[in-house]
Structure formats: C-alpha cells, structure tokens
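Survey of secondary and tertiary structure
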Amino acid sequence: MTTFDLRRLRLRPGEEHCERVEIALAPLELAGQRYVAVPESPDAELTIARASTGTVLGLRYDARLHGPCFRCLADAVLDVQVAAREYQATIPGDSEELRTPYLRENLLDLSAWGRDALVLELPDKILCRPDCAGLCAVCGRDLNHEPHEHDLEPAPSPWAALESLRTTLE
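In this report, we go over the structure that sits alongside the text. Remember, predicted model here, so these are calculated numbers, not experimental data.

**A closer look at empty space enclosed by the protein**
- In this structure the tally under the stated criterion is 1 cavity of 30 Å³ or more.
- Volume-wise, the largest cavity comes out at about 30 Å³.
- Taken together, L25, A26, L28, A37, L65, R115 and L118 make up the full set of residues lining the largest cavity.

Here's what the structure looks like:
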C-alpha cells in the first residue's frame, strides 16, 4: 500500500505541490476474472493544491492492464490513462461530498485511490480486440479462430403444454 503524508507539506492557500510518486496497484478482480497492471507500480503525477476552503488533490498515470477477454477468455491488453481529482474541505462537517475517502489523519492512500480511479476508466467489457466474436454457445470453441454455425432443431416452445390444453378445452 502506497501512502503520502500531507503533513510534510506546508502549503498556504493558492500554493501547489507536484511530485512524481510510484503507486503500488494490487491485481483487480472483475466479474470473477483477475486483471494485473503492468508494471504493478506505475509512476504517477500527484498534485496537491491548497485552496482557501480545503485541498484539491490530483492524480495522473498510465497503466496497461492484462487479463482475460470478456467474450473469448483469450489474453487481453488494455492501455488506460487515469486522471482523477478529489477534494477535502478544511471543515467538512457531516457532508460526504466535502471529504475524500482516501484521506485519513493526513495520510493519503494512493493505492486505493489509484485502483478506484483505474476501475472508473475501464470500458464496460475488456476485449482482446473490438470485433471479438467470443465463444460458441453450443460447443465452446473460439469463434475468432473457428467461425462456424450449428444446425439445431428449434427448442420446443415453453407454452406448448398450455397450447395443447387450450385446444382440448375448446
């Protein structure tokens, strides 16, 4: 877990601090599949700006995510650009909107923030290629390598029993 101690900065309102940091990213578990960022500790740009009412935090980094394709389970590689911002009010009161969940006792949890920001940048489905055909629903073969169709008889209607009952009642 990578953290950054905000106490070491002595920023006044209007001042900004920029620093390169390395963020340790744990593997992601999405839809029962494991995805790994390569490298596991990417370099990021952390920006901390002091406003008169609080602190504005910025995080930017590029990640390459490796894992299975959503459709065919082949290896998929996805390049993601992450840009995230958070705000922490000086006196947030009870408002959740004025505080960031990544800051506790002046320690900023960069690993959790970086992971969550990465997940928010992901597409709905991680694919090996945009036109991935997926797996055959009947035999399970990869349709990208072996495109084919099956000659199947249509399944009987789930309403067939009711239809026969209706004809007997008429």
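Still to come is the rest of the account.
**A short note on helix α1 (residues 110-121)**
- Under the 1.5 Å per step criterion, the end-to-end length of α1 is 16 Å for 12 residues, consistent within 8% with the ideal 16 Å.
- Looking only at α1, the buried set comprises L110, S111, A112, W113, G114, A117 and L118.

**Focus: the pairing of strand β6 (residues 54-68)**
- The pairing of strand β4 (residues 33-38) with β6 spans 3 bridges and is classified as antiparallel. If you follow V38 over to β6, its bridge partner there is R64.
- By the bridge criterion, 6 bridges tie strand β5 (residues 43-50) to β6 in an arrangement that is antiparallel. Of the residues in β6, the one forming a bridge with A49 is V56.

**Examining the sheet that holds strand β1 (residues 3-5)**
- The strand order β1-β9-β8 describes an open sheet built from 3 strands, whose pairing is antiparallel. Where the open sheet ends on each side, the last strands, each with one partner, are β1 and β8 (103-104).
- Against the sheet, α1 contacts β1 and β9 (107-109), and its axis sits at roughly 35° relative to β9.

**Remarks on the pattern of salt bridges**
- Within the structure shown, the criterion is met by 9 salt bridges.
- D116 is paired through a salt bridge with R115; the nearest N and O atoms lie 3.1 Å apart.
- You can call R115 partly exposed: its relative accessible area is 34%.
- Two residues, E163 and R166, come together in a salt bridge whose shortest N-O distance is 3.0 Å. With a gap of 3 residues between them, E163 and R166 both fall in helix α2 (residues 160-169), about one helical turn apart.
- Using a relative accessible area of 41% as the deciding quantity, one classes E163 as partly exposed.
- Classification of R166 as partly exposed rests on a relative accessible area of 47%.

**Comments concerning the layout of surface pockets**
- Volume-wise, the largest pocket comes out at about 260 Å³.
- Together, L6, L9, R10, L11, I48, R50, T55, Q88, A89, T90, L103 and N106 line the largest pocket.
- Within the residue set of the lining of the largest pocket, elements represented by two or more residues are β5 and β7 (75-89).
- The computed volume of the second largest pocket comes to approximately 150 Å³.
- What lines the second largest pocket is L30, A31, Q33, Y35, C69, F70, L73, L122, P123, D124, K125 and I126.
- For the lining of the second largest pocket, a count of residues per class yields 9 nonpolar, 1 polar and 2 charged.

About the thresholds
Throughout, residues of each chain are indexed from 1 in the direction in which the sequence is written. Thresholds applied to this predicted model are a pLDDT of at least 70 for local features of residues and 80 or more for the giving and counting of side-chain atom pairs; totals over whole chains, interfaces and linings are not thresholded and use all residues. Side-chain numbers come from the whole structure's heavy atoms, not from hydrogens or water. Residues are said to line a cavity or pocket when one of their atoms sits within 4 Å of a point; the points come from a 1 Å grid over protein atoms alone, cavities being sets where a 1.4 Å probe fits but cannot get out and pockets being open sets with protein on both sides within 12 Å along at least five of seven lines. Grid points are joined across faces, edges and corners, and a volume is the space filled by probe spheres set on the points. Put simply, DSSP H or I for four residues or longer makes a helix, DSSP E for two residues or longer makes a strand, and each gets a number counted from the N terminus. Here the expected span of a helix is defined as 1.5 Å times the quantity of residues minus one. Each residue is placed in one exposure class: buried if its accessible area under a 1.4 Å probe, protein chains only, is under 20% of its type's maximum, exposed if it is over 50%, and partly exposed if it falls in between. Strands pair, by our definition, only if DSSP identifies at least two bridges between them. In what follows, residue pairs with any heavy atoms lying within 4.5 Å of each other are defined as contacts. Geometry is summarised by axes, namely lines fitted to C-alpha atoms with helices restricted to the contacting stretch, and by angles between N-to-C directions that run from 0 to 180 degrees. In the sections that follow, a salt bridge refers to a side-chain nitrogen of Lys or Arg positioned within 4 Å of a carboxyl oxygen of Asp or Glu. Here the term charged refers only to Asp, Glu, Lys and Arg, the term nonpolar to Ala, Val, Leu, Ile, Met, Phe, Trp, Tyr, Cys and Pro, and the term polar to all other amino acids, Gly among them.

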